[in-house]
Amino acid sequence: MTWLKLVEGYMPMQMIAELTLCILFFAALNYMLKKAGMGIPKFWAGIGVWVFIQLYLKYRIYPPLPFSIRAIYGTVSLCGIFMWVSGSQAEWEEFRRPILDVLDGKTPLHRAVRAVLLVALPIGLGAFAFNSFKPSFEEPIELRTVHPAPPATTKVHGKTYVLQVAQNPYRVNKEGKYDQEYTNAHITEQAMGRLMKSLGPEDNPWNPNAEGYIKYVREGGEIFFQNCHFCHGDNLNGRGLWAYAFNPIPANFTDAGTIAQLQETFVFWRVAKGGIGLPGEGFPWASVMPPWEQHLTVDEIWKVIMFEYWHTGYYPRTWD
Ligand code: HEC
């Protein structure tokens, strides 16, 4: 009904007024039909009014009412209808006559209805209940958010990190200051299997005299090859030895859809808390990603993350 809008703020009043008008209209209609000798039996009038109210609540009211609310209104209106049909002894007798007729099996038609109600209906309901309890062999649908919204803070080894302001303490320039620009300039090329850009000996992680950033990258690499490569693969492409045993499969860091589009602190939180630390949207938590806070120190986590960025040639996303 788009031509008759529900006025915001007056919706309940409008609903009651509309329902009252409709019921009055039915009453008047019934009165006239009765005058003409075609009155509607009480039983059917009661059912009709009740069904009308249910349809009204379902299709007229917007936004849609939840089923539980309609169930409450349905019960209340049922009580009202019972009060109406049992107003006097004669009316009550008139209302219940069709029910008694069916139960007594007065005519063949009544007997047929009785058979349906007492035999077919329970069987149907039983079949329905059986079907809904029967275990299904279909795999349940798994909807999973790969990158759920991170929490504002995360507590690792007793220290609280605010993800918006936390920084990787090893992402430092020559002066030892946090400097994402500097470290971005010293990563490998953005493709797997290619040689590193040769910027100089200070960019060679195998250089035993390497200092600062590139030395921490090497340390992160050691951590990676001791802990992560089984799953995430020697080339960080998610093709580790064990990778195919798991669903979801380990993240492919060379894919632009993983660490490349994440803030470094998000990755820190993910590595520290692992698959079981995922929030509700990460359901069903089937990820085997271990909660690394149980095995690595905070420093080791920061270093291994830096290694992952360095090796794949991606920059962590900044808070934009
Ligand atoms: C037992 C296998 C396994 C090991 C070992 C493992 N991971 Fe994972 N990791 C996974 C799986 C599976 C996923 C993908 C599912 C998910 O998002 O949780 C994942 C996801 C990740 C992600 C999230 C990427 C994203 O796009 O959200 C990061 C970061 C990560 N791992 C880092 C690490 C680091 C660092 C280590 C080593 C310290 C490591 N993983 C070791 C299995 C593993």
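Residues numbered from 1 in each chain as written. Predicted model: local features only at pLDDT ≥ 70, side-chain atom pairs only at ≥ 80, totals over all residues. Heavy atoms only, no water.

Colleague: What is the right way to read a nonpolar patch on the surface from this model?
Modeller: Together, L109, V113, L117, L118, V119, L121, I123 and L125 give the surface a local cluster of nonpolar side chains, amounting to about 770 Å² of exposed area. With respect to the element layout, L118 can be found in helix α5 (residues 108-133). (Patch = residues over 30% accessible without salt bridge, like charges linked within 9 Å, V, L, I, M, F, W, Y side chains within 5 Å. Areas by Shrake-Rupley, 256 points an atom, 1.4 Å probe, with all protein chains shown as cover. Salt bridge = Lys/Arg side-chain N within 4 Å of Asp/Glu carboxyl O. Helix = DSSP H or I, 4+ residues; strand = E, 2+ residues; numbered from the N terminus.)

Colleague: Just checking my understanding: could you explain the environment of M11 for this structure?
Modeller: Note on placement: M11 falls in helix α1 (residues 11-35). On the accessibility criterion, M11 (25% relative accessible area) is partly exposed. Through-space distance from the C-alpha of M11 to that of Y62 is 9.4 Å; in sequence the pair is 51 residues apart. When near neighbours in sequence (up to four residues on either side) are disregarded, M11 contacts L6, I61 and Y62. (Buried < 20%, exposed > 50% of the residue type's maximum accessible area, 1.4 Å probe, protein only. Contact = heavy atoms within 4.5 Å.)

Colleague: What exactly am I supposed to notice about the domain arrangement of the protein here?
Modeller: It is common to give the size of an interface as the accessible area that goes away when the parts come together. What the domain assignment lists for the protein is domain 1 (11-104) and domain 2 (153-312). Relative to domain 2, the C-alpha centre of domain 1 lies at a distance of 67 Å. (Domains from an automatic or database assignment.)

Colleague: Teacher, can you tell me more about the coordination of the iron atom of the ligand here?
Modeller: A metal bound by six donors in octahedral fashion has ideal angles of 90 or 180 degrees, whereas one bound by four tetrahedral donors has an ideal angle of 109.5 degrees. Distances from the iron atom of the ligand to its protein donors, H232 (NE2) and M289 (SD), fall within 1.9 to 2.1 Å. Metal-centred angles of 86 to 179° between the six donor atoms at the iron atom of the ligand mark the site as octahedral. Note that H232 is positioned in helix α8 (residues 229-232) and M289 in the loop between α9 (264-273) and α10 (298-312), a separation of 57 residues in sequence. For H232, a relative accessible area of 9% translates into the label buried. Taking relative accessible area as the criterion, M289 reaches 19% and is therefore assigned buried. (Donors = N, O, S within 2.8 Å, 3.2 Å for Na, K, Ca; no water. Tetrahedral: all angles 85-135°; square planar, octahedral: opposite > 155°, others 65-115°.)

Colleague: Can you help me understand the packing of helix α2 (residues 42-59) against helix α3 (residues 67-85) in this one?
Modeller: A pair of packed helices is captured by two measures, namely the crossing angle of their axes and the spacing between those axes. Between α2 and α3, whose axes approach to 10 Å, the crossing angle comes to 155°. In terms of their interaxial angle, α2 and α3 are classed as roughly antiparallel. Of the two elements, α2 crosses α3, and the hand of that crossing is right-handed. Seen from α2, the contacting residues are K42, A45, G46, V49, W50, I53, Q54, L57 and K58; seen from α3, they are R70, Y73, G74, S77, L78, I81, W84 and V85. (Axes fitted to C-alpha atoms, helices over the stretch in contact; angles between N-to-C directions. Parallel < 35°, antiparallel > 145°, perpendicular 65-115°, else oblique. Left-handed = near helix turned anticlockwise from the far one by under 90°.)

Colleague: In this structure, what is going on with the site of the ligand? I would like to understand it.
Modeller: Around the ligand sit 25 residues in total, of which C228, C231, H232, R270 and M289 are the nearest. Within the side chain of H147, one N or O atom sits 2.6 Å away from an oxygen atom of the ligand. Between the ligand and the protein, one listed contact pairs an oxygen atom with a side-chain N or O atom of R270 at 2.4 Å. Put simply, the parts of the chain that give the shell around the ligand at least two residues each are α8, α9 and α10. (Near = heavy atom within 4 Å. Polar contact = N/O pair within 3.5 Å; in protein donor to acceptor, adjacent residues only side chain to side chain.)

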